[in-house]
Amino acid sequence: MYFPYLYSRQAELNAVSDVSSNLGSPQRIVPLIEPVEPAAKLISTLTKLKSNAMAAYVVVNPHQGKLSNSAAEAAWQSDFAATLTDPTVVYPTLKETVVTRLIPIGGVGVGV
């Protein structure tokens, strides 16, 4: 198994989309994506993964890039909540930092 750690930058998401049909069967390459931008581009990439019966680990408590402030992070979590409930494409992942605390994310899972 290989778990490339990616940020949700456009070029990285494009690369994941482009190779989504070649990640192995069973899936041997599982991207671990830490969002740094609003959820729309990531949701599009995850939809492409799902169409190829693939999945990704997604950090559900992002706090880098454009999501470095709590208001942007809360908006991201709200936008991403519906996608998070699909276990066939998203494996929710927590990034542990010195400020990590557990609270509900839209009634699903836990986050910061």
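What counts, and where the lines are drawn
- Residues numbered from 1 in each chain as written.
- Predicted model: local features only at pLDDT ≥ 70, side-chain atom pairs only at ≥ 80, totals over all residues.
- Heavy atoms only, no water.
- Helix = DSSP H or I, 4+ residues; strand = E, 2+ residues; numbered from the N terminus.
- Buried < 20%, exposed > 50% of the residue type's maximum accessible area, 1.4 Å probe, protein only.
- Contact = heavy atoms within 4.5 Å.
- Areas by Shrake-Rupley, 256 points an atom, 1.4 Å probe, with all protein chains shown as cover.
- Polar contact = N/O pair within 3.5 Å; in protein donor to acceptor, adjacent residues only side chain to side chain.
- pLDDT = per-residue confidence, 0-100.
- Pairing = 2+ DSSP bridges.
- Axes fitted to C-alpha atoms, helices over the stretch in contact; angles between N-to-C directions.

Novice: How do you make sense of the overall build of the chain when you look at a structure like this?
Specialist: Along the backbone of the chain there are three helices and six strands. Mapped from its N terminus to its C terminus, the chain presents α and β elements in the order β-α-β-α-β-α-β-β-β. Burial statistics for the chain: of 112 residues in total, 40% are counted as buried. A separation threshold of at least 6 residues defines the contact pool for the chain, and within that pool the share at least 24 residues apart is 74%. In the structure as shown, the chain presents an accessible area of about 6000 Å², 58% of it carried by carbon and sulfur atoms.

Novice: Explain unusual backbone geometry here, please?
Specialist: Leave glycine aside and you will find that most residues have negative phi; peptide bonds, for their part, are mostly trans. Cis geometry is adopted by the peptide bond preceding Pro 26, which originates at Ser 25 and carries an omega value of 0°. One can find Pro 26 in the loop between helix H1 (10-19) and strand E2 (32-34). Phi is positive for Ala 53, close to 60°, though the residue is something other than glycine. Relative to the helices and strands, Ala 53 resides in the loop between helix H2 (39-51) and strand E3 (56-59). You can call Ala 53 exposed: its relative accessible area is 66%.

Novice: How do you make sense of the side chain of Glu 37 when you look at a structure like this?
Specialist: Checked against the element boundaries, Glu 37 lands in the loop between E2 and H2. Judged by its relative accessible area of 16%, Glu 37 falls in the buried class. There is a polar contact of 3.3 Å between the side chain of Glu 37 and the side chain of Lys 41. Aside from chain neighbours lying at most four places away, what touches Glu 37 is Ser 8, Arg 9, Lys 66, Leu 67 and Trp 76.

Novice: In this structure, what is going on with the confidence of the model for the chain? I would like to understand it.
Specialist: Parts of the model with low pLDDT should not have their predicted coordinates read in detail. A residue-level look at the chain finds 88% of positions with pLDDT of 70 or above and a mean pLDDT of 84. Model confidence for the chain, summarised as mean pLDDT per element, is weakest for strand E6 (residues 108-111) at 47 and strongest for E2 at 94.

Novice: Could you clarify how one ought to interpret the sheet that holds E3 in this entry?
Specialist: Paired through their backbone hydrogen bonds, the strands of a sheet run either parallel or antiparallel. Taken in spatial order, the four strands line up as E1-E2-E3-E4 in an open sheet, and their pairing is parallel. Taken across any chain shown, the strands that pair with only one partner, and hence form the sheet edges, are strand E1 (5-7) and strand E4 (90-93). Averaged over all adjacent pairs, the angle separating strand axes in this sheet is 30°, with direction ignored. In this structure, E1 lies alongside E2, joined through three bridges in parallel fashion. Each residue of the ladder has a partner; that of Tyr 7, found in E2, is Glu 34. Sitting on the sheet, helix H3 (residues 70-84) touches E3 and E4, and the angle it makes with E4 is about 135°.

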